[in-house]
Amino acid sequence: MADKIQSAYKASKNIYDDVLTQGSFFSRFYIRLFWSGTDDNEIARRVLSFIPEDFHGALLDVPVGTAVFTANAWRSLSDAAITCLDYSEDMLDGARARLSGCEHVSFVQGDVGALPFAPETFDIVFSMNGFHAFPDKEKAFSETARVLKPGGAFIGCFYIRGKSKITDWLVNNILSKKGWFTPPFQTEEELRRRLTQLYSRVELDTDGSIVCFNCVK
Ligand SMILES: C[S@@+](CC[C@H](N)C(=O)[O-])C[C@H]1O[C@@H](n2cnc3c(N)ncnc32)[C@H](O)[C@@H]1O
């Protein structure tokens, strides 16, 4: 499973940024047809807006991917200590290039299911488009909660099933087979139940098949 994910993201590293940021006619058509027009640029603005502009604590971005959506924000948070973790070295290389020269940002290759950090290390755990890719979601939920300080925020977004038949079809028949997504996927209600067990405050907000969350431990 891990090898499948590594090679899927290695194979897509040259088109990944373009498809997600809708840089071409093809990617805009793909998003409109299969993703109800949900704009990842807009989703990124929404989840990043949950982070205070003067944030100066410790933040974990998992999975950072190529940092296509987060690099500008992380660059501007120069008083924070930002750790970017991803399983794929190819994706991490993209993030390193985008954030070169930022001494407050560090990079770690690792598995969200076995985070190499002590409990209660971070003030914010930020996770954009990660949980639909993670192979062991239960470990990912418990590990991200473990490394968060009490009172810290778990912020991010990912795909949930049950909102759009065509999106669910694409995810089950193409994206999961290629290794970009990994089942099982949650519904909004299943996710709400799981987050409520881990966090004292849970806010969810959906746009098409993408759920944004802002939780406090
Ligand atoms: C869809 S990308 C999202 C990247 C970025 N957050 C974004 O929004 O562009 C999913 C990422 O999850 C990473 N990933 C998959 N399984 C992982 C795991 N077990 N631990 C850490 N990262 C993982 C992949 O390498 C990939 O970079």
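A look at the overall build of the chain
Reasoning step 1: Summing up its helical and strand segments, the chain has eight helices and seven strands in all.
Reasoning step 2: Each of the three principal axes of the chain carries a C-alpha extent, and together these read 40 × 40 × 30 Å.
Reasoning step 3: The buried share among the 217 residues of the chain stands at 39%.
Reasoning step 4: Counting only contacts in the chain whose residues sit at least 6 apart along the sequence, the fraction spanning at least 24 positions is 68%.

Looking at helix α6 (residues 137-146)
Reasoning step 1: Listed in full, the buried residues belonging to α6 are K137, A140, F141, E143 and T144.
Reasoning step 2: Buried residues along α6 sit in contact with β4 (122-128), β5 (148-159) and α8 (188-198).

Focus on the site of the ligand
Reasoning step 1: Around the ligand, the surrounding shell holds 21 residues, and the nearest of these are P63, G65, Y87, S88 and N129.
Reasoning step 2: Sorting elements by how many residues they give to the shell around the ligand places helix α1 (residues 2-21) first, with three residues.
Reasoning step 3: Class assignment for the residues of the shell around the ligand results in 14 nonpolar, five polar and two charged.

Brief notes about unusual backbone geometry
Reasoning step 1: The step from V62 to P63 runs through a cis peptide bond, and the omega angle for that step is 0°.
Reasoning step 2: The step from P183 to P184 runs through a cis peptide bond, and the omega angle for that step is 0°.
Reasoning step 3: Here P184 lies in the loop between α7 (165-178) and α8.
Reasoning step 4: Positive phi, close to 60°, is recorded for A67, a residue that is not glycine.
Reasoning step 5: With respect to the secondary-structure elements, A67 resides in the loop between β1 (58-61) and α4 (71-76).

Some thoughts on the pairing of strand β3 (residues 105-109)
Reasoning step 1: Bridging between strand β2 (residues 81-86) and β3 involves five bridges; their strand directions are parallel. Bridge pairing in β3 places I82 opposite V105.
Reasoning step 2: A crossover connection joins β2 to the parallel β3 through helix α5 (residues 89-98); in handedness this β-α-β unit is right-handed.

A few points about the sheet that holds β4
Reasoning step 1: Taken together, seven strands build an open sheet; the order of strands is β3-β2-β1-β4-β5-β7-β6 and the sheet is mixed. Each having just a single partner strand, β3 and β6 (201-207) make up the two edges of the open sheet. Strand after strand, the sheet turns through a mean of 15° between neighbouring axes, direction not considered.
Reasoning step 2: By the bridge criterion, three bridges tie β1 to β4 in an arrangement that is parallel. Looking across to β4, one finds that D61 is bridged to F126.
Reasoning step 3: Sitting on the sheet, α5 is in contact with β2 and β3, with an inclination near 170° to β3.

Rules used in this analysis
Residues numbered from 1 in each chain as written. Predicted model: local features only at pLDDT ≥ 70, side-chain atom pairs only at ≥ 80, totals over all residues. Helix = DSSP H or I, 4+ residues; strand = E, 2+ residues; numbered from the N terminus. Buried ≥ 20, exposed ≤ 12 C-beta atoms within 10 Å, placed from the backbone. Contact = placed C-beta atoms within 7 Å. Near = placed C-beta within 6 Å. Nonpolar A, V, L, I, M, F, W, Y, C, P; charged D, E, K, R; others polar. Pairing = 2+ DSSP bridges. Right-handed = clockwise from strand over helix to strand, strands pointing away. Axes fitted to C-alpha atoms, helices over the stretch in contact; angles between N-to-C directions.

Just distances and angles here, no functional claims.
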